[in-house]
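What the coordinates show
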Amino acid sequence: MHENSKTHKNCVLIMKKRGDLHQRIDKQIVLQIENDVKYWKDVLCRVTAVVKSLCSRGLSLRGNNDNFGNSHSGNFIMCLELIAEFDPFLASHIKKYANKGKGSTSYLSLNIYEEFVNLMGQKVRETIINEIKKAKYFSIIVDSTPDVSHTDQLSFIFRYVNDNGEPVERFLLFLSNTGHKSEDLAKAVFNVLELYNLDIQNCRGQSYDNASNMAGKYTGLQARIKQVCSHAVYVPCSAHSLNLVGECAANCCYLAEDFFNVIQNLYVFFSSSTHRWQILSKQLQGNVTIKMLSGTRWSARHDACFSLSYNWKEIIKALKIFENDPLEKPQTRCEARGLLKKLQSLEMGIMVSVWGDVLERFNVTSKKLQEVKIDLKTVISLYNSLIKYTEELRNNFDLYEKKGFEKCGIKEYKDISSRKKKRKLVFGESQDTEAQLSPREKFRSQIFITIMDSLIFELNKRASAYEEINKTFSFLFQLQKLNITEVRKQADYLRKCYPNDLPVTFANECVHFRSYLLKNSNKENIPKTALDMCKMINDDDIQNIYPYFNIALRMFLCCPASNCSSERSFSALKRVKTYLRSRMTDDRLNNLAVLHIESDITTQIQYDEIIQDFSEKKSRRKL
């Protein structure tokens, strides 16, 4: 009765009102605390924004000193001073607390932004790990390179399929000095997976370059991982394989090697002197100048070959100037004469035309192979298109002979025959029965056909490795063309390959999805690739109807087609760890690298979350 009485209820209401801020006896203290909290949050918000912007772009933070008002301070101090010119709040804070030294709280020192770098790096890695665990299936890409301090850095890249059905490749960290033996590399991979609580049994692919310690069939890294997880199929890097195809073709005959040596010698001749480069620039047309050969990206030699073909006559004019100039050194005139002798030949004109067309197609294809969203089906299609293209070039020698004549104006071939070897004749055989080839036929059969055949052989050899991997999943992209019996047969075979991931009802689900595709075949956007199918399932919101078909697509999409993402991480490593920052620790390097490489995740970090984590870490209150 007392609790329901009017007097008791009025007393409870009065007590609650007195509990409000304006009725409390410590009102002034609470207001002061709240104002202080808001003040320091505003300061930290600006500090976090500067750190996030600098790290996402791979810029350094520190300078020669950390004093405000000094022209030699780093980018962090410079950005705060720039913001302070338009922000009275920050300007007042810097004026009041800057350059106070140790013992005073300002949140502007190097120790503070180093802690924010650490917190944001951990936040980005947690986001990546959570995405991998949510996707379940993943693939690993591993490669190593020495940094500016001569420390070998092993880059870890994880490929998986996100919620919207698109494959992504994320950088996780660098490991220093793990060793180059396959046993050491495998141990490093297993330690990283264990550190971040990732199950190796969910690994569905692995991609490395063609080094024996990585790609070795019996004792390489891929073989050691397969011993633990048999479903982790090894996919050779398609871009590296294409470069090896071109390298084999360039070394198959002496004239092909000589052609690329001439291109490099031309660049060395003109670039070694500013006087020579100036004379060459006056002769060239437009902005296309001669270029050196790329030592790592073989297909990028197209730029060097194209510049030589485009400025053929202008380069010859420049060389003649040096050859006929009596004021030049004898060595310079001799080098110019030797290069002119190489260029003024029908063979060199044909080689420029042939390699110009081949490298142009190789270069475009190589760039496509380096994309993250590419799948193995597209890789095979691109390789087959190059094979067909090269076969057609092989039968068009007359066309390139005509182009070579138009370029150099010479119709006669040089005699490339060597000293004829004497051999013992059998009974009844004479020297007259041996075929005598003309210089044209010798060049065609021993140079042109040899290069084309080498390209075709190597392309077929590399493409066969991807066809074996793609064969298991190929029926998924041909459901509309196959009959129901064939679909069930291929689906059962795929289910047996992945018994823990696909149930017995998988074949029936594939038949149902085939009917869904046939029913919607009149739509404009018909899915042609695994990525298109995965997006269609996500857009139409039918994941619950075809869950295991979606799983099969995701396992196929998470298989990497190249390890170019690790090469891109090496480029970021050169920007982050420069010769001025060569002494940074491994933890700081990993934090800066992941913030820079995964900048799309870094820019989405909320300031309040980082500030809250920072306050919890720095709080001295004992609960």
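To keep things clear, this report deals only with the structure shown in the data block. Note that the structure is predicted; figures quoted are calculated from it, not measured.

1. Quick look at unusual backbone geometry
- A positive phi angle, close to 75 degrees, is found at Lys-136, a residue other than glycine.
- Summarising the element assignment, Lys-136 is placed in the loop between helix 5 (110-135) and strand 1 (138-146).
- Phi at Asp-541 is positive, roughly 55 degrees, even though this residue is not glycine.
- Within the element layout of this structure, Asp-541 appears in the loop between helix 21 (530-539) and helix 22 (547-557).

2. As for the sheet that holds strand 2 (residues 152-161)
- Reading across the sheet, the 5 strands line up as 3-2-1-4-5 and stay open at both edges, with mixed pairing between neighbours. Since the sheet does not close on itself, it has two edges, and those belong to strand 3 (167-176) and strand 5 (233-234), each with one partner.
- Across 9 bridges, the pairing between strand 2 and strand 3 is antiparallel. Considered in strand 3, the bridge of Tyr-160 is made with Val-168.
- Sitting on the sheet, helix 24 (residues 586-597) is in contact with strand 2 and strand 3, with an inclination near 165 degrees to strand 3.

3. What about the side chain of Arg-514?
- Its place among the elements puts Arg-514 in helix 20 (residues 506-519).
- Despite being buried, Arg-514 has no salt bridge partner; Glu-486 is the closest side chain of opposite charge, sitting 11 Å away.
- Among the polar contacts listed, one links the side chain of Arg-514 to the backbone oxygen of Leu-482, at a separation of 2.9 Å.
- Ignoring any residue separated from it by four or fewer positions in sequence, one finds Arg-514 in contact with Leu-479, Leu-482, Asn-483, Ile-484 and Val-487.

4. Concerning the packing of helix 10 (residues 254-271) against helix 11 (residues 274-283)
- Where helix 10 contacts helix 11, the axes come no closer than 6 Å and their chain directions differ by 110 degrees. As far as their axial angle goes, helix 11 and helix 10 are roughly perpendicular. Contact residues: helix 10 offers Tyr-267, Phe-269, Phe-270 and Ser-271, while helix 11 offers Arg-276, Trp-277 and Leu-280.
- Residues of the contact of helix 10 with helix 11, tallied by class, amount to 5 nonpolar, 1 polar and 1 charged.

5. Considering the pairing of strand 4 (residues 203-207)
- Burial of strand 4 is extensive: 5 of the 5 residues sit out of reach of the surface.
- Across 4 bridges, the pairing between strand 1 and strand 4 is parallel. Within strand 4, the residue paired with Ile-140 across the bridge is Gln-206.
- Pairing between strand 4 and strand 5: 2 bridges, direction parallel. Residue Gly-205 lies in a different strand from strand 5, and its bridge partner there is Val-233.

6. Regarding the environment of Met-555
- For Met-555, the location among the structural elements is in helix 22.
- Met-555 sits in the buried class, given a relative accessible area of 1%.
- Beyond its immediate stretch of four places on either side in the chain, Met-555 contacts Tyr-137, Arg-204, Tyr-498, Asp-501 and Leu-502.

7. So, helix 4 (residues 88-97)
- Three or more residues of helix 4 are buried, namely Leu-90, His-93, Ile-94 and Tyr-97. Taken down its axis, helix 4 places every buried residue within 95 degrees of arc, on the same side. Seen from the buried face of helix 4, the exposed residues on the opposite side, beyond 90 degrees, are Pro-88, Lys-95 and Lys-96.
- Against helix 2 (27-56) and helix 3 (75-84) lie the buried residues of helix 4.

8. Topic: the packing of helix 23 (residues 564-576) against helix 24
- Running from N to C, helix 23 and helix 24 cross one another at 120 degrees; their axes reach a closest spacing of 10 Å. Judged by the inter-axis angle, helix 23 sits oblique to helix 24. Crossing angle aside, the handedness with which helix 23 passes helix 24 is right-handed. Taken together, the residues of helix 24 that come into contact with helix 23 (itself represented by Ser-569, Ala-572, Leu-573, Arg-575 and Val-576) are Leu-589, Leu-592, His-596 and Ile-597.

9. Brief notes about the pattern of salt bridges
- By the definition in use, this model includes 23 salt bridges.
- For Glu-166, the salt bridge is made with Lys-535, and the minimal N-O distance between the two is 3.0 Å. Here the residue Glu-166 occupies a position in the loop between strand 2 and strand 3, and Lys-535 occupies one in helix 21, the gap between them amounting to 369 residues.
- You can call Glu-166 buried: its relative accessible area is 18%.
- Here Asp-357 makes a salt bridge to Lys-403, at a shortest N to O gap of 3.6 Å. Here Asp-357 is found in helix 15 (residues 346-369), whereas its partner Lys-403 is found in helix 17 (residues 397-408), with 46 residues between them in sequence.
- Judged by relative accessible area, which is 25%, Asp-357 ranks as partly exposed.
- Judged by its relative accessible area of 31%, Lys-403 is partly exposed.
- Three or more residues joined by partner-sharing salt bridges are found here, namely Asp-398, Glu-401, Arg-440 and Glu-441.

Calculation rules
Residues numbered from 1 in each chain as written. Predicted model: local features only at pLDDT ≥ 70, side-chain atom pairs only at ≥ 80, totals over all residues. Heavy atoms only, no water. Helix = DSSP H or I, 4+ residues; strand = E, 2+ residues; numbered from the N terminus. Pairing = 2+ DSSP bridges. Contact = heavy atoms within 4.5 Å. Axes fitted to C-alpha atoms, helices over the stretch in contact; angles between N-to-C directions. Buried < 20%, exposed > 50% of the residue type's maximum accessible area, 1.4 Å probe, protein only. Lys, Arg positive; Asp, Glu negative; His and termini not counted. Salt bridge = Lys/Arg side-chain N within 4 Å of Asp/Glu carboxyl O. Polar contact = N/O pair within 3.5 Å; in protein donor to acceptor, adjacent residues only side chain to side chain. Parallel < 35°, antiparallel > 145°, perpendicular 65-115°, else oblique. Nonpolar A, V, L, I, M, F, W, Y, C, P; charged D, E, K, R; others polar. Arc of directions from axis to C-beta. Left-handed = near helix turned anticlockwise from the far one by under 90°.

Shape is all these values report; function is a separate question.
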